[in-house]
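The primary structure of each chain is shown beneath.
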Amino acid sequence: MSSLAMDSGTLKVGSKRFTESYILGEIVKQSAAPHVKTEHRQGLGNTAIVLAALHAGSIDVYAEYTGTIASEILKHDKPIDLDQMRRELAALGLGVGVPLGFNNTYALAVRGDEQAIASLEQLAQHPALKFGLSHEFIGRVDGWPGLAARYTLPQRPRGLDHGIAYEALAQRQVDVIDIYSTDAKIRQYGLRVLADTQQYFPRYDAMLLYRLDVPQRFPAAWQALQGLQGRISEGDMIAMNAAVEIDGKSFASVARQWLASGTQVNKPAARSTLLDKIIGDDLWTLTRQHLTLVLLSVALACLIGIPLGVLAAFSAPLRQTVLACVGVLQTVPSLALLAILIPVLGMIGLAPALVALFVYALLPIVRNTCTGILQVPQGLRMAALALGLSRRDRLLHVDLPLALPVMLAGVKTAAVMSVGTATIAAFIGAGGYGERITIGLALNDNDMLLAGAIPAAVLALLTQGLFELVERWAVAGRQH
């Protein structure tokens, strides 16, 4: 198709942080790609984050499930029909359509050697069982609270990331986990899926959730997406999940092959080594994104934090208030802060990530600036006043130069902390080394986790070394 016939703009596709969502995001992206410029913002955390991104226009479409739409988005405690779902979503500026053809329902599973347990109602007879459930499932309306009430389950579950739950179950660290019915690892680990005898879990038919203006903005791409209707069977989805999680293929290649032939070959891909993953093609891009996040957030924190530290040092009544405020900001959980910032700022990506990192970098900069100035000998201040220096000149030529080593230590702490904290940016599509970590968590791939963690650790060490050199230069400058 010629570029003249292409839709204008960029179709932004989203996906959540689990294997199937990554794959479906790639299928949507590649299906639309001949007709429009496309972008896949992958691994956007949980339903709340990806929905906020959809509302804000940071993404245009993503694959969602009818059960999740009814319970988590529209807040119904019972299943609703598709017509009612469409009416209620339209009031939110959203639409749902293009049923992909498979149902991926929730279920609970135990090891295959647990002969005494075959159904959910039998769990109540074994109160000592250890439950390891995903954090989202524990908090969902259609998850653990309702399930425990329906089957009168006495157990108290512990939160466990879905990507590592299978390994934890196999190693007997937990006895029961929540699963998706299309998970490829059910068969690989020989698990027993517990019968839902009271039919608690609704159907979770995969469909496209989109902004209502998408069909008008991208007519050719939308027509291409309509071609996905009913094409993905449950067997197809299990095979695609297996191709990624077991055979080691990439999300993009699995989606490309399915679109080309509708089937998956059984030949596993050659598995990449840890070194291959560390120095992969995306290393420079992720490094640039990570450095941008760290440099901009620390610079912004210095711009705001140093004046706040000076204010706290010279105003005793405000000192505790300023330090308490920046200390409280430090305690806000990172994912919660990101989820709050998305609707406030109306976007995902760089802006909310920068704000979050700025908040976490403030405390050491403010505290060290205040401490450094308070440590300046009072005699030197008196001498400066005796020489006729104004308060401004005393601050610039006496207080700040003498406090500089302590202030630099605070900036160093903020920068090193930001290198590690910046990995959370991947949960809202801001990139960085966290992208590899989120993929590693989704696939339970330790090498991919290390491929993200090792460059971040190296960057943190380099940052610390650079600041130590600057501190030595500052100390040498004072001595001369």
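Look up a bit, the structure's there.
Thresholds applied
- Residues numbered from 1 in each chain as written.
- Predicted model: local features only at pLDDT ≥ 70, side-chain atom pairs only at ≥ 80, totals over all residues.
- Heavy atoms only, no water.
- Axes fitted to C-alpha atoms, helices over the stretch in contact; angles between N-to-C directions.
- Helix = DSSP H or I, 4+ residues; strand = E, 2+ residues; numbered from the N terminus.
- Parallel < 35°, antiparallel > 145°, perpendicular 65-115°, else oblique.
- Left-handed = near helix turned anticlockwise from the far one by under 90°.
- Phe/Tyr/Trp six-rings, centres within 6.5 Å; stacked < 30°, edge-to-face > 60°.
- Buried < 20%, exposed > 50% of the residue type's maximum accessible area, 1.4 Å probe, protein only.
- Pairing = 2+ DSSP bridges.
- Core = buried A, V, L, I, M, F, W, Y, C linked by side-chain atoms within 4.5 Å.
- Contact = heavy atoms within 4.5 Å.
- Salt bridge = Lys/Arg side-chain N within 4 Å of Asp/Glu carboxyl O.

(A) Fine view of the packing of helix α17 (residues 350–374) against helix α19 (residues 391–421). At a minimum axis separation of 7 Å, α17 and α19 run at an interaxial angle of 150°. When the interaxial angle is binned, α17 and α19 end up roughly antiparallel. Relative to α19, the crossing made by α17 is right-handed.

(B) Region of the structure containing the packing of aromatic side chains. Within the structure shown, the criterion is met by 11 aromatic pairs. Measuring from centroid to centroid gives 5.6 Å for Y106 and Y204, while their planes differ by 85°, and the two rings are edge-to-face. Of the two residues, Y106 is situated in strand β5 (residues 106–111) and Y204 in the loop between β9 (191–193) and β10 (206–211); the sequence distance between them amounts to 98 residues. What makes Y106 buried here is its relative accessible area of 6%.

(C) Highlighting the pairing of β5. The element β5 is largely enclosed, with a buried count of six among its six residues. Bridge count between β5 and strand β8 (residues 176–180): four bridges; the pairing is antiparallel. Opposite Y106, over in β8, you have Y180 as the bridge partner. With three bridges joining them, β5 and β9 adopt antiparallel strand pairing. From the neighbouring strand, V110 faces β9, where its bridge partner is R192.

(D) Representation of the nonpolar core within the structure. Counting 68 residues, the largest nonpolar core has I59, I69, I73, M85, L89, L209 and L293 as its most contacted members. In terms of residues, this core owes the most to one element, α17, which gives 14 residues. Residues contacting L89, with those up to four places away along its chain left out, are I69, I73, L74, L94, G95, V96 and L209. Counting 61 residues, the second-largest nonpolar core is a separate cluster that includes L11, F18, V110 and L443.

(E) Representation of the pattern of salt bridges. Applying the stated rule across the entire model yields 15 salt bridges. A salt bridge links R41 to E39, with the nearest nitrogen and oxygen atoms 3.0 Å apart. Of the residues examined, E39 reaches a relative accessible area of 31% and is grouped as partly exposed. K277 is the partner of D445 in a salt bridge, and the nearest nitrogen-oxygen pair spans 2.7 Å. With a gap of 168 residues between them, D445 in the loop between α20 (434–443) and α21 (446–479) and K277 in helix α13 (residues 274–278) connect regions that are remote in the sequence. A cluster of three or more residues bridged by salt bridges with shared partners is formed by R111, D113, E114, R172 and D175.

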